[in-house]
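Architecture and fold: a report
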Amino acid sequence: AAARGSTAVIEVLCRNGADPNLREHRYVHSAFLDWTPLHYAARQGHKETVAALLRLGAEPRARDSHTGETSEEMARDAE
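Reading guide: rules and limits
Residues numbered from 1 in each chain as written. Predicted model: local features only at pLDDT ≥ 70, side-chain atom pairs only at ≥ 80, totals over all residues. Heavy atoms only, no water. Salt bridge = Lys/Arg side-chain N within 4 Å of Asp/Glu carboxyl O. Helix = DSSP H or I, 4+ residues; strand = E, 2+ residues; numbered from the N terminus. Buried < 20%, exposed > 50% of the residue type's maximum accessible area, 1.4 Å probe, protein only. Arc of directions from axis to C-beta. Contact = heavy atoms within 4.5 Å.

1. Thoughts on the pattern of salt bridges
- Inspection of the entire model under this criterion finds five salt bridges.
- For E11, the salt bridge goes to R55, with nearest N and O atoms at 3.2 Å. With E11 in helix α1 (residues 7-15) and R55 in helix α3 (residues 47-55), this residue pair connects regions lying 44 residues apart in the sequence.
- Put simply, D34 and R23 hold a salt bridge, and the shortest N to O gap is 3.2 Å. You can see D34 sitting in strand β2 (residues 31-35) and its partner R23 sitting in the loop between α1 and β1 (24-28), a full 11 residues away along the chain.
- Classification of D34 as buried rests on a relative accessible area of 9%.

So this is what it looks like as structure tokens:
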């Protein structure tokens, strides 16, 4: 939902117990990614979704274990 900018879905999920800081663990091109929903929303430039996630308690300083980027750094790269 975060990667697609589905702000309303994110809000419903978080208000019903979803953790906005839960990391997705997967491998992409031999690199381990552990992005949070905030990383996904920021990387795709979904500003409204980013704002909602921050309101709902997402941690803006969480770093991707592969690149070390925070969601804020990803958002700057997406501009």
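Past the structure itself, the notes keep going.
2. Observations regarding α3
- Of all the positions in α3, only T49, V50, A52 and L53 are classed as buried. Taken around the axis of α3, the buried residues stretch over an arc of 165°, which confines them to a single face. In α3, the exposed residues that point more than 90 degrees away from the buried face are K47, E48 and R55.
- In this structure, the buried residues of α3 make contact with α1 and α2 (37-43).
- Just downstream of α3 lies G57, where phi reads positive at about 105°.

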